[in-house]
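What follows is the residue order along each chain.
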Amino acid sequence: MTIPAQAIRHKYLRHNKKFPHVWCPGCGNGIVMAALLRAIYRMELSKDEIVLASGIGCSSRMPTYTDFNTLHTTHGRALTFATGLKLAKPSLNVVTIMGDGDATAIGGNHFIHAARRNLNLTAIIVNNSIYGMTGGQYSPTTPFGSKSTTSLYGHIEHDFSIAELAVTAGASFVARATVYHAALMDKLIEQAMRKRGFAVVEVISNCHVQYGRRNKLGGAVEMLKTYRDNAVTVKKAEKLSAEELAGKITIGVLTDREMPISTEEYKKVRQRANEAEGEL
Ligand SMILES: Cc1ncc(C[n+]2csc(CCOP(=O)(O)OP(=O)(O)O)c2C)c(N)n1
Ligand code: SF4
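Below, the structure is looked at part by part. Note that the structure is predicted; figures quoted are calculated from it, not measured.

## As for the sheet that holds strand 8 (residues 249-256)
Pairing between the strands of a sheet comes from backbone hydrogen bonds, and it takes one of two forms, parallel or antiparallel. The strand order across the open sheet formed by 8 strands is 2-1-3-4-6-5-8-7, and the pairing between neighbours is mixed. Every other strand in the sheet has two partners, leaving strand 2 (69-72) and strand 7 (231-233) as the edge strands with one partner each. Across the sheet, the mean angle separating the axes of adjacent strands is 20° when strand polarity is ignored. The sheet contact formed by strand 1 (residues 50-54) and strand 2 spans 4 bridges and is parallel. By the bridge assignment for strand 2, alanine 53 is matched with leucine 71.

Okay, here's the thing in C-alpha cells:
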C-alpha cells in the first residue's frame, strides 16, 4: 500500500494548533510518530477509535500533536489511565507512548504488572537511554559506564533490556526496532495494535542532545548509522553466541503468543458474579 505522507500529516496531526513541536532537530521521536501514523493509516481505523495516552517526557509529548482521543497524563502513569479506559470502553484501540524513564523507572511497576495481567493494550516505548526532557539524568536503560548529568564520571549501575523484561513479565507480543529501521517499525506497531493482549514495541531512539553529545556518539545521523551497523534480526541473533551478540541490537518480533487477556476475563467474572447474585 502506498502511504501518502502529506495526507497522513493533514489527517492525523493537529498541524494548525500544536505546531511547532518541542523536539530538537533530528530527534528520533518524529520518526516514531510517523511510523505510528502509517500503521494507523494502514489499519483504516477512524480517529475516534484510537486513544493515544502518554506520561511525561519528550516522547510523551506525542499525543499533544496527534488528532486522536489523547491523554497526556502524569509521569509514569500512562498505563494506569489506559487500563481504566480499556476496562470502561473495551472497543477502543488504546496505545500508550512512553519514554524509558516513564515506562521503566517511575512507571516500572505499572509496566511489569500490565504485562503480567496481559491487558489488551499496545505500549510503544521510546528507549533513548536517558531522561531527555529534564536534562539528561540516567534512566534504567543507561548503559554501565555512560555519562549523564547524574553520572558525570561514568554510570555505576547496569541497564536492563525493556523487551526482555516484557517477555518475562508475560506480555503477549514483544518486538523491537530502531529509528533507523522505520519501515520495520511501522509494521511492528501495526502487528502490536492488531494483537489481542499486551503488546510492546521497544524502539531504540536517539537523544543526541542529552545522551549522544555527552558520550561522544556524534549527532543524530551518526547515532542512526550506529543502529544500522549494530542491528541484527531475531533470526540471525538465534545463530550468534552471547559474545557475538554483545553490543548488538536484536530487532524484530521477540515473542508472539496467545494468553488469557485480563480485560476480557474481567467481563466474564462480572457475568459470573451477576449470575451468582441472581441465584441467592
Ligand atoms: C512525578 C514526577 N516526577 C518527575 C518528573 C520530572 N520528569 C519529567 S519527564 C522526566 C523524565 C523523562 O524521561 P523519559 O521518560 O525517558 O522520556 P524522554 O524525555 O527521554 O522521552 C522526569 C524525571 C515529573 N514530571 N513528575
Ligand atoms: S532532549 Fe533528546 S529526547 Fe528530547 S527532544 Fe531533544 S533529542 Fe529528543
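What follows picks up the thread again.
## Some remarks on the layout of surface pockets
Volume-wise, the largest pocket comes out at about 700 Å³. Taken together, 25 residues make up the lining of the largest pocket; nearest its centre are Asp159, Ile204, Gly247, Lys248 and Ile249. Within the residue set of the lining of the largest pocket, elements represented by two or more residues are strand 6 (199-204), helix 10 (220-230) and strand 8. Looking at the lining of the largest pocket element by element, the count peaks at 4 residues for helix 10.

## Thoughts on the nonpolar core
Core analysis: the biggest nonpolar cluster contains 44 residues, and Val32, Leu36, Ile124, Met185, Ile189 and Met193 have the highest contact counts within it. Here the element with the most residues in this core is helix 2 (residues 29-43); it accounts for 8 residues. The residues touching isoleucine 124, leaving out its near neighbours within four places in the chain, are Val32, Leu36, Val95, Thr96, Ile97, Met98, Ile189, Val201 and Val203. In this structure, Leu119, Ala123, Ala163 and Val174 belong to the second largest nonpolar core, which totals 23 residues.

## Some words on the site of ligand 2
Taken together, Trp23, Cys24, Cys27, Cys58, Asn128, Gly132, Cys207, His208, Val209 and Gln210 make up the full set of residues adjacent to ligand 2. Considered class by class, the residues forming the shell around ligand 2 number 6 nonpolar, 4 polar and no charged.

## Some thoughts on the pairing of strand 8
Looking at chain direction, strand 5 (residues 173-178) and strand 8 are connected through 4 bridges and run antiparallel. Along strand 8, the bridge assignment pairs alanine 175 with valine 253. The sheet contact formed by strand 7 and strand 8 spans 3 bridges and is parallel. Within the sheet, the bridge partner assigned to valine 232 lies in strand 8 and is threonine 250.

## Regarding the side chain of asparagine 120
With respect to the element layout, asparagine 120 can be found in the loop between helix 6 (108-117) and strand 4 (122-127). A distance of 2.9 Å separates a polar side-chain atom of asparagine 120 from the backbone nitrogen of glycine 197. When near neighbours in sequence (up to four residues on either side) are disregarded, asparagine 120 contacts Lys86, Lys195, Arg196, Gly197, Phe198, Ile261, Thr263 and Glu264.

## Overview of a nonpolar patch on the surface
Among the surface-exposed residues, Leu87, Tyr266 and Val269 lie close enough to one another that they form a single nonpolar patch of about 240 Å² accessible area. Relative to the assigned elements, leucine 87 resides in helix 4 (residues 78-88).

## Observations concerning the pairing of strand 6
For strand 6, a buried count of 6 out of 6 residues is recorded, marking the element as mostly surrounded by other parts of the structure. Side chains Ala199, Val201 and Val203 project from strand 6 onto one buried face, and the interleaved Val200, Glu202 and Ile204 project onto a second face that is buried too. Across 6 bridges, strand 4 lies against strand 6 in parallel orientation. Residue pairing for strand 6: asparagine 127 is matched across the bridge by isoleucine 204. With 6 bridges joining them, strand 5 and strand 6 adopt parallel strand pairing. Looking across to strand 6, one finds that alanine 177 is bridged to valine 203.

Scoring rules and cut-offs
- Residues numbered from 1 in each chain as written.
- Chains lettered and ligands numbered in written order.
- Predicted model: local features only at pLDDT ≥ 70, side-chain atom pairs only at ≥ 80, totals over all residues.
- Heavy atoms only, no water.
- Pairing = 2+ DSSP bridges.
- Helix = DSSP H or I, 4+ residues; strand = E, 2+ residues; numbered from the N terminus.
- Axes fitted to C-alpha atoms, helices over the stretch in contact; angles between N-to-C directions.
- 1 Å grid on protein atoms, 1.4 Å probe; cavity = no way out; pocket = protein on both sides within 12 Å on 5 of 7 lines; lining within 4 Å.
- Points joined across faces, edges and corners; volume = space filled by probe spheres on them.
- Core = buried A, V, L, I, M, F, W, Y, C linked by side-chain atoms within 4.5 Å.
- Buried < 20%, exposed > 50% of the residue type's maximum accessible area, 1.4 Å probe, protein only.
- Contact = heavy atoms within 4.5 Å.
- Near = heavy atom within 4 Å.
- Nonpolar A, V, L, I, M, F, W, Y, C, P; charged D, E, K, R; others polar.
- Polar contact = N/O pair within 3.5 Å; in protein donor to acceptor, adjacent residues only side chain to side chain.
- Patch = residues over 30% accessible without salt bridge, like charges linked within 9 Å, V, L, I, M, F, W, Y side chains within 5 Å.
- Areas by Shrake-Rupley, 256 points an atom, 1.4 Å probe, with all protein chains shown as cover.
- Salt bridge = Lys/Arg side-chain N within 4 Å of Asp/Glu carboxyl O.

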